[in-house]
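Overview (structure and organization)
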Amino acid sequence: MRKYLFFAIALVAGTLAFTSCEPNNPNKPESQEIDPKEVTAKDIVGEWLLDSVIFNNEYGYYQMDRQLITVRTNDLDVRDRKKNAYTVKDGIITVNYSKNEWNDVDDSYTATYEIVSFDKGLKRAELKEHVEYIDGDQPVEGYMHYYLSVLPEPTGKDLDINEANIKGAWLCAYYEHYAEGETAIKEVSPHFEFEFFGDNHKFAWLMGVSAVDGYFDTGFWWFKPGYMYMTVAYNKTLSDYNEDDLYWWKIEKLTEDYMILSHRDDGYAEVCHFVRRDMSFPSEK
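Okay, so let's go over this structure. Small disclaimer: the values here were computed from a predicted structure and weren't measured.

Turning our eyes to something else, we now look at the pattern of salt bridges. Think of it this way: side chains of opposite charge can pair up when their charged atoms draw near. Inspection of the entire model under this criterion finds 10 salt bridges. Across the salt bridge formed by Arg-66 and Asp-51, the nearest N and O atoms sit 3.1 Å from each other. In this pair, Arg-66 sits in the loop between β2 (46-55) and β3 (67-71) while Asp-51 sits in strand β2, placing the two residues 15 residues apart along the sequence. With a relative accessible area of 3%, Asp-51 lands in the buried category. Note that Asp-75 and Arg-72 form a salt bridge whose closest N and O atoms lie 2.7 Å from each other. On the basis of relative accessible area, Arg-72 is assigned to the partly exposed category, the value being 31%. Here the residues in one salt-bridge network are Arg-72, Asp-75 and Asp-77, joined through shared partners.

Pasting the structure below:
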């Protein structure tokens with residue numbers, strides 16, 4: 001399993017840097033690499049997913065630090081630091097981070113990121129930051145490489161919503177939460193979460209918590225027209241479940257590459273966005 005998970009995570013990071021254009025599919029944008037020094041503030045406005053972080057070219061703890069970064073014309077939000085002013089000039093992004101919202105101490109600081117590569121068409125970027133800190137009593141120095149892409153949107157050919165077209169491996173890209181009368185909140189998991197839908201109601205859920213380790217569980221999934229349900233088994237068998245008691249997800253959209261599931265109840269809604277991955281059903285081997 002450890003070997004499997006390492007390559008699964010490497011696959012995710014690789015898609016950020018090496019996605020190629022597909023001219024035969026008009027629903028997919030084409031690659032347009034530009035000189036990092038030509039990147040402007042206008043180019044980086046949007047909702048970005050920090051999907052991978054690598055320190056000194058090695059996977060480690062920071063590899064799993066996925067997060068949503070919302071960039072506006074003059075400032076950006078990241079986790080508990082809101083409205084952080086930034087500038088973009090000559091291939092360098094400088095961010096003046098505000099203090100954490102949960103902390104009364106003024107822990108604001110300034111960080112500088114070099115734009116290593118920027119794809120204006122696919123909206124993908126690699127940034128590099130020089131860092132120095134003390135680990136225990138040992139000084140540590142090196143470079144953080146950040147791999148980012150804008151939040152994905154549905155691409156690919158629309159598919160009939162049926163069991164056969166759902167089967168396969170999916171990565172949860174991000175969630176949306178809605179409460180009646182409130183603005184939708186978008187979130188990403190700090191870990192990679194894969195869901196696998198196999199034959200004979202077979203289901204697997206895998207969460208990567210480091211570059212070489214993670215949690216893996218199996219269970220069942222069901223389909224009925226327009227809806228699906230999935231669960232980890234927790235020592236139950238298929239016959240232990242009553243269809244009327246299941247937490248059914250509505251399948252809002254299904255394409256070759258993308259799936260949107262939603263569940264709405266009493267003024268609250270949760271929406272999950274999935275992107276397809278070319279991965280085999282996991283095993284303990």
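Picking up where we left off.
As a further point, take unusual backbone geometry. Non-glycine residue Asp-90 carries a positive phi angle of around 50°. Inspection of the secondary structure puts Asp-90 in the loop between β5 (81-89) and β6 (92-97). Using a relative accessible area of 51% as the deciding quantity, one classes Asp-90 as exposed. Although it is not a glycine, Asn-200 adopts a positive phi angle of roughly 55°. Of note, Asn-200 is situated in the loop between β12 (192-197) and β13 (202-208).

Calculation criteria
Here the residue index of a chain counts from 1 through its sequence in written order. Per-residue local features are limited, in this predicted model, to residues with pLDDT of at least 70; the limit for side-chain atom pairs, both in listing and counting, is 80 or more; totals at the level of whole chains, interfaces and linings are taken over all residues. With hydrogens and water excluded, all non-hydrogen atoms of the structure serve as input to the side-chain values. By convention in these notes, a salt bridge is any Lys or Arg side-chain nitrogen within 4 Å of a carboxyl oxygen on Asp or Glu. Secondary structure elements follow DSSP: runs of H or I no shorter than four residues count as helices, runs of E no shorter than two count as strands, and numbering proceeds from the N terminus. Here the term buried applies to any residue with accessible area under 20% of the maximum for its type, exposed to any over 50%, and partly exposed to those in between, with areas from a 1.4 Å probe on protein chains only.

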